[in-house]
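These are the residues of each chain, in order.
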Amino acid sequence: MPAPVEKRIIELRKIISENDYKYYVLAQPEITDEEYDSLYKELEKFENSNPHLITPDSPTQRVGKDLTKEFATVKHRFPMLSLANTYEESELLDFDRRVRDGLPAGEDVEYVVEFKIDGVSINLNYLKGKLNTATTRGDGTEGDDVTVNIRTIRSVPLELKNVKNAGQDLSDIEVRGEIYMEMGDFSELNSERAERGEKLFANPRNSAAGTIKMQDPRIVASRPLKIFVYYLLNSKDTSATHNENLLLLKELGFRVNEHHRLCRNINEVLQVCGEYEKMRDSLPYEIDGAVIKVNSLSQQKRLGTIAKSPRWAVAYKFRAKQATTKLNGITWQVGRTGAITPVAELEPVFLAGSTISRATLHNYDEIQRKDIRIDDYVVIEKGGDVIPKVVSVDVSRRKKNSAPTLPPSLCPSCNSTLFKPENEVAYYCENAMCPEQIKGRLSHFAARGAMDIEGLGDALIDLFVDLGYLKSYDDIFELKAKRDELVRIERLGEKSINNLIGSIEECKKQPFNKVLFAIGIRYVGAGVAKKLASHFLSIDALISATEEEVSSVYEIGPSISRSVKQFFSDEHNLKLIKSLKAHGLNFVEEKQVFQENYFLNKTFVLTGTLSKYSRDEATEKILALGGKVSSSVSKKTFAVIAGEEAGSKLEKAKNLGVKVLTEDELINLLKGQQ
Ligand code: IVH
């Protein structure tokens, strides 16, 4: 028999959880805030005097006190897929056709249509009815364990309700949903931040994403985050349909969006999508489309997934939202490559959840084509993640004496004469010592996906370039020697300089592929750098490779290989690399240790259409076993994997006597290595 105190604690937890549910999930509170507070205080009092009775599922334990240094990376038990996008009704009809083609002829297919909530996806694992972990999507295969932060969100149940009535084994389930912030809450948060002089969030989604990655759960708890859940994965048992799962999730105490509709066919789906689009502007939160899912879970299973998206679901994205505002001016920005891009300076206007005062104008050709002039009223558009853009001009509101916009002639940063290559749209500043270019290059070098130098942000780079401390990448590593001077610079101080010097030392640990990305070779993005690094294994091998050798790497095209060769034919760049080497940066790929297997050190070429894997997936699997993938067949090729409608590469393989494998043979070989 529990002692009376324990009994009361259990009772209080139950009452509080039930009222949390009524308030945060159902939005139908039954008691006043004062009554709630007094129950909460009573529970806290009993728990404080009986700490051994505190359990993690107590409502008082939602907010932890410890800071999270780094979130642990965890592999998802079931990959977190993304959805293919459609924009037109015809694409939805194609989706329906593909679904029915993937199932036995004559089988009926029902769909469920839901809102596509514009937030951050989350995976919740409940073990024996209690919240166990909450993980972000990450790259779909593994994400961050953000449980401490998600627990603070009151609409996330710590314990499931009505498990016994569910009629299925729910002892180990995953629930997927979206963490989001309402637009009103977002504006309020941003105005508080503005008052405190803090950086503003760009939109509600970024603000939700930023919040769930915060180190202090107490701050997370103070932010108005909410959840809608939309998918249940039960490895032990199953319902028959997705619609039943949505109802079940509601019974279990989750917040499920009230707008979901069961449709008997694709025509009904189209109609519901239209209805949902009309509702968009009257909702307190942002949706960027509708999600259409096959209702039968057995059909979902049989349809399976392709690449990173399920075949049984699709997103229907709504048209981008537009607004009209005045163009106050055009700023010409100098990028790190010297390319000059025009930016529209706008009269601030609220659009799709945030205030917009700048938008991209792409390039001068676009300005000319749309005849965009200063003081014009322009239509701007924001679609999905993209930066807002100017789409057209309302000519009827044009001022009488306005003049067409002229192309830039001098660099706005260094005043040098600009140059326009014949086959390009951009104008270029060709002065490699142009301060804006230098700043752009350094900012790219220090950025997160590159050398990741914490503390070396744009403001500090601007200052150091203006004061003459930084001109090129290697100057960063000389800052250490100038420590005494730097600490005397106003606003900086000893502590921040010490931290900066620490993170500069730390960045020397970045692997070769990040260094290769950081040095800013044109067209060599993070993905290309990874491919080049794992193929050539060292900068020396890359420098001495021919253009053909570079372009034979899988997915490396001629413009990349030309640009790589051009970069390394410049004496300055070779000198720079020598200097960075001397500073201890990694220019050699750390050898991965692979177990002896069929694929190790062999070069494969993929050709034709693969049906079970995407090319990227097949490539990834071969690389993961230490094999190589090339895009051209030569005598060095070990085998060609020929999918459907393979053409000239297959021919060449046959002529050279290179082994040819089918996709199924590849799959069997891969299976044999696991
Ligand atoms: S279902 C395999 N349903 O959209 C099915 N997703 O690109 C996975 N999202 O990552 C998702 N509302 O973050 C689903 N009602 C909804 C959704 C939804 C928003 C997000 C989710 C997902 C992305 C798909």
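You'll find the structure just up there.
Values in this document were obtained by computation on a predicted structure and should not be read as measured data.

## What to know about the overall build of the chain
- Of the regular secondary structure elements, the chain holds 25 helices and 24 strands.
- Here the C-alpha atoms of the chain give a radius of gyration of 29 Å, agreeing with the 26 Å that 2.2 N^0.38 yields for 674 residues.
- The principal-axis extents of the C-alpha atoms in the chain amount to approximately 80 × 70 × 60 Å.
- Within the chain, the proportion of its 674 residues that are buried is 47%.
- At a minimum sequence separation of 6, the contacts of the chain that also span at least 24 residues come to 68%.
- With 94 positive and 99 negative side-chain charges, the chain shows a separation of 2 Å between the mean positions of the two kinds.

## Details of the layout of surface pockets
- A volume near 1200 Å³ is recorded for the second largest pocket.
- Along the wall of the second largest pocket there are 34 residues; nearest its centre are Ala 432, Arg 441, Phe 567, Asp 570 and Asn 573.
- Sorting the residues of the lining of the second largest pocket by element identifies β20 (427-429), α12 (435-446), α14 (473-476), α21 (558-568) and α22 (571-582) as the ones contributing at least two each.
- Here the lining of the second largest pocket gets five residues from one element, more than from any other, and that element is α21.
- Here the residues of the lining of the second largest pocket are counted per class, giving 14 nonpolar, ten polar and ten charged.

## Looking at helix α6 (residues 204-212)
- Every buried residue of α6 is listed here: Pro 204, Arg 205, Ser 207, Ala 208, Thr 211 and Ile 212. Within α6, the buried residues cover an arc of 165° as seen down the axis, which keeps them to one side.

## Observations regarding the site of the ligand
- Around the ligand lies a shell of 13 residues, among which Leu 83, Glu 114, Phe 115, Ser 121 and Glu 178 are the nearest.
- Within the contact set of the ligand, an oxygen atom lies 3.0 Å away from a backbone nitrogen or oxygen of Leu 83.
- Between Glu 178 and the ligand, the recorded distance is 2.7 Å, taken from a side-chain N or O atom to an oxygen atom.
- Here the ligand has 520 Å² of accessible area as a free molecule, and 88% of this is covered by the chains.
- Elements supplying a minimum of two residues to the shell around the ligand: β3 (111-117) and β10 (287-294).
- The greatest single-element share of the shell around the ligand, amounting to four residues, is contributed by β3.

What counts, and at which threshold
- Residues numbered from 1 in each chain as written.
- Predicted model: local features only at pLDDT ≥ 70, side-chain atom pairs only at ≥ 80, totals over all residues.
- Heavy atoms only, no water.
- Helix = DSSP H or I, 4+ residues; strand = E, 2+ residues; numbered from the N terminus.
- Rg over C-alpha atoms; globule rule 2.2 N^0.38 Å.
- Buried < 20%, exposed > 50% of the residue type's maximum accessible area, 1.4 Å probe, protein only.
- Contact = heavy atoms within 4.5 Å.
- Lys, Arg positive; Asp, Glu negative; His and termini not counted.
- Charge placed at Lys NZ, Arg CZ, Asp CG, Glu CD.
- 1 Å grid on protein atoms, 1.4 Å probe; cavity = no way out; pocket = protein on both sides within 12 Å on 5 of 7 lines; lining within 4 Å.
- Points joined across faces, edges and corners; volume = space filled by probe spheres on them.
- Nonpolar A, V, L, I, M, F, W, Y, C, P; charged D, E, K, R; others polar.
- Arc of directions from axis to C-beta.
- Near = heavy atom within 4 Å.
- Polar contact = N/O pair within 3.5 Å; in protein donor to acceptor, adjacent residues only side chain to side chain.
- Areas by Shrake-Rupley, 256 points an atom, 1.4 Å probe, with all protein chains shown as cover.

Purely spatial values, then, with no claim about function.
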